[in-house]
Amino acid sequence: MLNDARKDDFSKITINKDAAEMLRVAQAEHIETVWDRLEGQQPQCGYCQLGLSCRICAMGPCRVDPFGEGPQKGVCGANADTIVARNLARMIAAGSSSHSDHGRDIMEVLYHTGNGDTTAYQITDIDKLNRLAKEYGIGSAGKEAKTVAKELALAMMEEYGMRKGHLTMAARAPKARQELWKKLGITPRGIDRENVETLHRTHMGVDNDYVNILLHSLRNSLSDGWGGSMIATELSDVLFGTPKPIKSEMNLGVLRKDEVNIALHGHNPVLSDVIVRAAQNPELIQLAKSRGAKGINLVGLCCTGNELLMRRGVHMAGNHLMQELVIMTGALELMVVDYQCIMPALTETAKCFHTKIVSTSDKAKFPGATHVSFDPVRGIEIGEALVKMGIENYSNRNQARVNIPVQPMEVMAGFSVEAIVSALGGTPKPLVEAIAGGQIRGAVGIVGCSNPKIKQDYGHVTLAKKLIENDILVVVTGCASVATGKAGLMRPEAASMAGPGLKPICQALGIPPVLHMGSCVDNVRILNLASALANYLGVDIDKLPLAGAAPEWYSEKALAIGAYVVASGIYTVLGVPPPVFGSPNVVNLLTGGLDGVVGASFAVEPDPEKAAVLIRRHIEKKREGLSLPFIKADKITL
Ligand code: BF8
Ligand code: SF4
C-alpha cells in the first residue's frame, strides 16, 4: 500500500477527483494499484534507466559503468553507445510492431468484408475507400465497393512484407521530405522488413555504429507512421466511418448506478464496434431490464475508448492509469479487453469485486481472465454473447459498494483531418491564413500515455493550458486526449481559456481549442494534417511552426511515434527521460545532431511549464524562418 507520505494526500498522485476518490477506496480496502507497485520497485535499476544494461545474448547480461570506474564494455566489446542505441532501437521496433500489427488486423477484416466472409462489417466511408484505392493504383469505376475493398486489402498486405520499393502512403509527405529520406537512405519499405531488420541489426555482432543503428530506427518508425499506423487509421475510417465532431462525456462519472456497465479496453475497434451494436439490440436491452437494470451502458478505456468516442460518441471512463480504478467503483460488470496497455494486474483487482475480465485476442491472453477468442467472421454472435455475459453478471453486483464519485465532463471530439478541413470551409486556407496572420502562432500535438512516475494528467493539462493561452492550437490523441478532456479543455466553452488570437477563431467555429484527433495509431492524422499544410505552402514539414510533446509517455509505442514524428520534421519534447542518458553521443544525436539530418530533434523536459517555453521558442523560430510576424523569445509570456 502507499507509504505514509502519500497516504491521504492523493493530490500528489493525480489532478483528478475521480482518481483520488478511488485511491482512497484502494487505501481503505487494501487493494493494490499501479502506484503501490511502482513504489515497491524503488530504487529502480540505474543501469537500465540509463540504457546501459544489455541482455541481448548469453555471454551477458552486461552493464557499463556510467562513472567510468567499472567496465566500459560488455563481454562482446560493445560500448555504451552501441548498447544504448541497440536498446532504443529495439524499443522503437516493438512500438512500431504493435501499431502495425494492429493495422494488419484491421486490414484482414477489410479483406474478409470484401470477400464476403463476414456480414458483421460494412464499407462505411466509400469515398475514402475509393481515394485509397486510387492512391494504390486500383481502379474503382464500375466496381462494387466490396471488390475494391478486397483488392485494396490485398495491395496493402503486399506492403507489409514487400522487398522492393517503398510504402505507397509515404508519397503523401512533401516532395522535399521524400527526397531527404531518399538521400539519407531511410525511405520506409515493407513494414515487416523494417522491424525484422532492426532485430537483425541489434543482434550481437551486427550493427555496432550507433548512428547507423539509429538511422535505421528512424526508418523503422517511418514504416509505422506512414505505413502500419496509417493503414490502421485509414481502414478503420473506411470500415467504421471517418470521425466528425461529436459530443460525449468523460471520467468515471460516465458509469451508471442503475445500468449494466461494460468497459471496452485496449486498442482495436474491430470487436468493440460490434459490441456497440449488440448493446443496442432490443432483446438484450430487454434482458438487462428483466435483471433489474435500466439499460446497458458501454464505456471506453484507453484507445479502444478513443476509437469508439471519435466515431460513436461512446462515453470515456478514463485513460491508462484509470483501468484499475474503474473496477473500484464496484459498478463494472464486465471489462472486455483486446490488446496493448492492458495491465496484467487487472485480473487481481477484479477479484476484489464482481467484475469479469474477458480477453478476446489470441495474441493477448491474461491468466485469470475468461478468454473468448474473437473471430471477425462471427463478429455479431460474439459481440452479443459478451454483452449477455455482462448482463448476467449484474445480479452479482453489491449496490452498497457502488461508488461513482463525480459528474461526467462534457467533451467535443471527432476531429479527423477531414472534419477539421470541413470546419474550415473545405480548405486548409483559413488555418494557414490564421497562422500567417499570427492569430494562431502554431500547432502542437500532445500525445501519449499516463505514467505513474508523473502526477496523473498534470503534464498533459498544464502544457495544453499554457499553449492555448499562447495562441497555439493543440491537437491531442491517446491518453493525452482523455487527460485534457477530463480537465474540460475539449468543451467549446474552453475557448475562453485561449489567448486573444485563438479564442475568437474557436468561438467563431464553435470548436474547442484542444482538438481530439483520436487514438494513438491516429497520430498519423497529425502527419496528414502537417503534410497538407506543408504542401499547401510548398515547403517541407520542418519549416512549419509545429511541435509534438509526450509529457507522460510510458509505452514503446510512444517512442515509435516520437521517432516518426521527428523523422517527419517535427520537433518533439518528451516529459519522461528515455533510457539513453548512459551515452552522451546518443543523447547529443537525438537532442541536436538530428536537426542537421532530418530538420528536427527531441528534447527532454519533465516540467510542462518549461516544456511550453521550449515549444513556444521553437514555434517563433519557425515563424521567423517563414518570415511570418513573430514575437521575440524574450517577450514570451508564459
Ligand atoms: O496507444 S497513449 S497508455 S492507451 S500507448 Fe497506451 Fe499510451 Fe494510452 Fe493507447 Ni497510446
Ligand atoms: Fe553483453 Fe555483448 Fe551479449 Fe550484450 S551482446 S549481453 S553487451 S556480450
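Residues numbered from 1 in each chain as written. Chains lettered and ligands numbered in written order. Predicted model: local features only at pLDDT ≥ 70, side-chain atom pairs only at ≥ 80, totals over all residues. Heavy atoms only, no water.

Peer 1: Is there a simple way to explain the confidence of the model for the protein in this structure?
Peer 2: A low pLDDT score tells you not to read the predicted coordinates there in detail. Summarising the model, the protein shows a mean pLDDT of 96, and 97% of its residues fall at 70 or more. A low-confidence stretch, residues 630-638 stays under pLDDT 50, and its non-local contacts, those more than four residues away or across chains, total 17 contacts. (pLDDT = per-residue confidence, 0-100. Contact = heavy atoms within 4.5 Å.)

Peer 1: Explain the coordination of the nickel atom of ligand 1 here, please?
Peer 2: Six octahedral donors around a metal ideally make angles of 90 or 180 degrees; four tetrahedral donors ideally make 109.5 degrees. When only protein atoms are considered, the nickel atom of ligand 1 has one donor, Cys520 (SG), at a distance of 2.2 Å. Viewed at the metal, the four donor atoms of the nickel atom of ligand 1 are separated by angles of 91 to 149 degrees, and the geometry they form is irregular. (Donors = N, O, S within 2.8 Å, 3.2 Å for Na, K, Ca; no water. Tetrahedral: all angles 85-135°; square planar, octahedral: opposite > 155°, others 65-115°.)

Peer 1: Is there a simple way to explain the nonpolar core in this structure?
Peer 2: General note: in soluble globular proteins, nonpolar side chains tend to be found buried as a group. Leu235 and Ile615 are the most contacted members of the largest nonpolar core, which totals 169 residues. Excluding its chain neighbours within four sequence positions, the residues that come into contact with Ile615 are Val444, Leu463, Leu467, Ala547, Ala549, Tyr571 and Val573. Of all hydrophobic cores here, the second largest spans 37 residues; its members include Ile31, Met322, Leu325 and Tyr339. (Core = buried A, V, L, I, M, F, W, Y, C linked by side-chain atoms within 4.5 Å. Buried < 20%, exposed > 50% of the residue type's maximum accessible area, 1.4 Å probe, protein only.)

Peer 1: What exactly am I supposed to notice about the site of ligand 1 here?
Peer 2: Every residue lining ligand 1 is accounted for by His267, Cys302, Cys303, His320, Cys341, Gly448, Cys449, Cys479, Cys520, Tyr554, Ser555 and Lys557. Of the residues belonging to the shell around ligand 1, the class tally is seven nonpolar, four polar and one charged. Split by domain, the shell around ligand 1 shows at least three residues from each of two domains, domain 2 (252-401) and domain 3 (411-628). (Near = heavy atom within 4 Å. Nonpolar A, V, L, I, M, F, W, Y, C, P; charged D, E, K, R; others polar. Domains from an automatic or database assignment.)

Peer 1: What exactly am I supposed to notice about the pairing of strand β8 (residues 356-359) here?
Peer 2: Successive side chains on a regular strand alternate, one facing one side of the sheet and the next facing the other. Where strand β7 (residues 334-337) meets β8, four bridges bridge the pair, whose relative direction is parallel. Of the residues in β8, the one forming a bridge with Leu334 is Lys356. What joins β7 to β8 is helix α13 (residues 346-351), and the crossover it makes is right-handed. Both β8 and strand β9 (residues 370-371) contribute to a ladder of two bridges, which runs parallel. Within β9, the residue paired with Val358 across the bridge is Thr370. (Pairing = 2+ DSSP bridges. Helix = DSSP H or I, 4+ residues; strand = E, 2+ residues; numbered from the N terminus. Right-handed = clockwise from strand over helix to strand, strands pointing away.)

Peer 1: What am I meant to see in the pairing of strand β11 (residues 442-446) here?
Peer 2: For β11, the buried fraction is high: five of the five residues fall into the buried class. Where burial is concerned, the two faces of β11 agree: the one with Gly442, Val444 and Ile446 and the one with Ala443 and Gly445 are both buried. The sheet contact formed by β11 and strand β12 (residues 472-477) spans five bridges and is parallel. Bridge pairing links Val444 to Val474 in β12. Viewed along the sheet, the connection from β11 through helix α17 (residues 458-469) into β12 turns out right-handed.

Peer 1: Help me understand empty space enclosed by the protein, please; the structure alone is not making it clear to me.
Peer 2: In this approach, a probe sized like a water molecule rolls over the atoms, and the result shows the empty space that is left. For the structure shown, the criterion picks out six cavities of 30 Å³ or more. Lining the largest cavity are 21 residues; nearest its centre among them are Gly445, Val475, Ile526, Ala547 and Ile570. Among the elements of the structure, β11, α20 (523-537), β14 (546-550) and α21 (556-567) are those that each provide at least two residues to the lining of the largest cavity. (1 Å grid on protein atoms, 1.4 Å probe; cavity = no way out; pocket = protein on both sides within 12 Å on 5 of 7 lines; lining within 4 Å. Points joined across faces, edges and corners; volume = space filled by probe spheres on them.)

Peer 1: Teacher, can you tell me more about the pattern of salt bridges here?
Peer 2: Opposite charge on two side chains makes pairing possible when the charged atoms of those side chains draw close. Per the stated rule, a full pass over the model turns up 42 salt bridges. When the shortest N-O distance is used, the salt bridge between Glu469 and Lys466 registers 3.9 Å. Of the two residues, Glu469 and Lys466 both sit in helix α17, three residues apart, roughly one turn of that helix. By relative accessible area, Glu469 is classed as partly exposed at 40%. Salt-bridge contacts for Asp522 lead to Arg525; the nearest nitrogen and oxygen are separated by 3.7 Å. (Salt bridge = Lys/Arg side-chain N within 4 Å of Asp/Glu carboxyl O.)

Peer 1: Looking at this model, I keep getting lost on the layout of surface pockets. Mind explaining?
Peer 2: When its volume is computed, the largest pocket comes out at roughly 1,400 Å³. Around the largest pocket, the lining is made up of 42 residues, and of these Gln44, Met91, Lys453, Tyr554 and Pro579 lie nearest the centre. Of all the secondary structure elements, the ones that give two or more residues to the lining of the largest pocket are α2 (34-40), α3 (46-50), β1 (53-54), α4 (80-115) and α21. Ranked by residue count, the leading element in the lining of the largest pocket is α4, at six residues. Among the residues forming the lining of the largest pocket, the class breakdown is 22 nonpolar, 14 polar and six charged. If you trace the second largest pocket, you find 16 residues lining it, with Arg131, Arg172, Glu234, Glu418 and Asn528 closest to the centre. Elements represented by at least two residues in the lining of the second largest pocket include exactly α5 (126-135), α9 (210-240), α15 (417-423) and α20. Taken together, the residues that form the lining of the second largest pocket break down as five nonpolar, three polar and eight charged. Looking at which domains feed residues into the lining of the second largest pocket, each of domain 1 (80-240) and domain 3 (411-628) supplies at least three.

Peer 1: Any chance you could explain unusual backbone geometry here in plain terms?
Peer 2: Across residues other than glycine, the phi torsion is negative in most instances, and most of the peptide bonds are trans. Gln42 connects to Pro43 through a cis peptide bond whose omega is -10 degrees. Positive phi, normally seen in glycine, also occurs at Asn251, with a value near 105 degrees. Along the chain, Asn251 turns up in the loop between β3 (246-250) and β4 (260-266). Assessed through its relative accessible area of 8%, Asn251 is described here as buried. Positive phi outside glycine occurs at Cys302, with the angle close to 50 degrees. Along the polypeptide, Cys302 turns up in helix α12 (residues 302-312). By relative accessible area, which is 1% here, Cys302 ends up buried.

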